[in-house]
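# What the coordinates show
Read off the chains here:
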Amino acid sequence: MIIVRLAVAWATVAAFAVFGGGWLGGLAAPLVAAGLFAWLFAVILWSAFGVVHEAEELAHRLGEPYGTLVLTLAIVIIEVALVAAVMLGAKAAPTLGRDTMFAVIMIVMNGLVGLGLILGGLRHHRQNYNLDGAGAYLAAIIPLTTIALIIPNFTRSTPDGSLTTLQAVAFSVLTVVLYGIFLLLQTGRHSDFFTDAAKPGDPVTQAAPHPDAGRGAILRHAGLLIVSLVPIVLLSKSLAAILDHGIAALGAPPALGGVIIAAIVFTPEGISALKAIRRDQLQRAINLCLGAVTSTVGLTVPAVLGIGLLSGQRVVLGLAPAEMAVLAMTLLLSVITFSRQGTTVLEGAVHLVVFLTYLTLIFSP
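Residues numbered from 1 in each chain as written. Predicted model: local features only at pLDDT ≥ 70, side-chain atom pairs only at ≥ 80, totals over all residues. Heavy atoms only, no water.

If you look the chain up in an unreviewed UniProt entry, it shows as Calcium:proton antiporter from Methylobacterium nonmethylotrophicum.

Shown next as structure tokens:
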């Protein structure tokens, strides 16, 4: 299956390298555009599942929190590549970075968390996790999202949610520094925050090493992860062109582009998180979900602002007023959800209601 997946992915890359110019020139024909989109969507999504599979193999061998960190970073690289491809395309997309980050936050922190807590609550009644880890994620997510998506609306230098050059450079540096500090905490002295907390009365046990945890196995899966990831990056420009054309032709809301990119990128990781919840591994699911949001904002903001500065494009990060209210509600609700031990169906239902509110605002702002 791995060989077939890689063969299909790289054959698609070769086909678009040779014939892509002619194919993309015929997007005015609806059937051609739909067929090319379905082809690329399926190949990229299948490749993304391959990336997640190899990242999970590395996770089993490296242990927490390194395993989920590898997975989230791989997924975010795909997301940044797709956003960059659209931004560097022929048509300017000043709000795409913002829309994609906001879509990731809503899909993960409301849709995925809500569905996961409901499924976990129905199956296990009440699930526990490490409070310190969830608190660390939220301590990083709240300032990262506020700096990126809210503060631009309240500066006096620009009237439209964009940033001056000085602000763009400063916000990029601050975002990278904060994310770097978080990574040092996650992989250094406080790595125990991101593992399952020992329950009272549980014996202290050491995790058994994976039977195939040698250096050769790690390098093999790392290599497969890279060769699965590269086709996604190479195909992202073609998908971006089709996506941009389709949204314009259908008269769909521009924010839909960010939702589609977020859905393509985070569907495999979302499935991994839901599987972890079914196995009563809520901490791993939290690492995947909240780690994805932290990495997305921490890496997308400097990438998008950097592309804007280098290409001279205007980048709009500030959310609309209704979206700011939904983001504030999401952050507050997440603090409440992850501020006490144990989660239930109720928290999941509330998060899902907020997610449905977000979807409504996309089509009826």
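## Description of the overall build of the chain
On a plain count of helices and strands, the chain comes out with eleven helices and zero strands. N-terminal to C-terminal, the α/β element order of the chain is α-α-α-α-α-α-α-α-α-α-α. Across its three principal directions, the C-alpha atoms of the chain cover 65 × 55 × 40 Å. A fraction of 84% describes how many contacts in the chain between residues 6 or more apart in sequence connect residues 24 or more apart. Of the accessible surface of the chain, which amounts to about 16,200 Å², a share of 71% is contributed by carbon and sulfur atoms. Across the chain, the mean location of the 18 positive side-chain charges is 2 Å away from that of the 17 negative side-chain charges. (Helix = DSSP H or I, 4+ residues; strand = E, 2+ residues; numbered from the N terminus. Contact = heavy atoms within 4.5 Å. Areas by Shrake-Rupley, 256 points an atom, 1.4 Å probe, with all protein chains shown as cover. Lys, Arg positive; Asp, Glu negative; His and termini not counted. Charge placed at Lys NZ, Arg CZ, Asp CG, Glu CD.)

## A few points about the packing of helix 4 (residues 96–124) against helix 10 (residues 321–337)
One can describe the packing of helix 4 onto helix 10 by two numbers: an axis separation of 11 Å at closest approach and a directional angle of 40 degrees. In terms of their interaxial angle, helix 4 and helix 10 are classed as oblique. Relative to helix 10, the crossing made by helix 4 is left-handed. Facing helix 4, whose interface residues are Phe102, Ile105, Met106, Met109, Asn110 and Leu117, helix 10 presents Glu323, Val326, Leu327, Thr330, Ser334 and Thr337. Partitioning the contact of helix 4 with helix 10 into residue classes produces seven nonpolar, four polar and one charged. (Axes fitted to C-alpha atoms, helices over the stretch in contact; angles between N-to-C directions. Parallel < 35°, antiparallel > 145°, perpendicular 65-115°, else oblique. Left-handed = near helix turned anticlockwise from the far one by under 90°. Nonpolar A, V, L, I, M, F, W, Y, C, P; charged D, E, K, R; others polar.)

## Re the UniProt feature "domain: Sodium/calcium exchanger membrane region" (unreviewed entry) in the chain
Per the UniProt annotation, the sites labelled "domain: Sodium/calcium exchanger membrane region" (unreviewed entry) are residues 33–187 and 222–363. What you have in residues 222–363 is 84% helix and 0% strand, and the ends, taken at the C-alpha atoms, are 40 Å apart. (UniProt positions renumbered as here; feature names shortened; annotations may be inferred.)

## Some thoughts on the pattern of salt bridges
Considering all chains together, one arrives at two salt bridges under this definition. Of the charged contacts, one joins Asp99 and Arg98 as a salt bridge, the two residues approaching to 3.2 Å between their closest N and O atoms. For the pair Asp99 and Arg98, one class covers both residues: buried. For Asp160, the salt bridge goes to Arg314, with nearest N and O atoms at 2.7 Å. (Salt bridge = Lys/Arg side-chain N within 4 Å of Asp/Glu carboxyl O. Buried < 20%, exposed > 50% of the residue type's maximum accessible area, 1.4 Å probe, protein only.)

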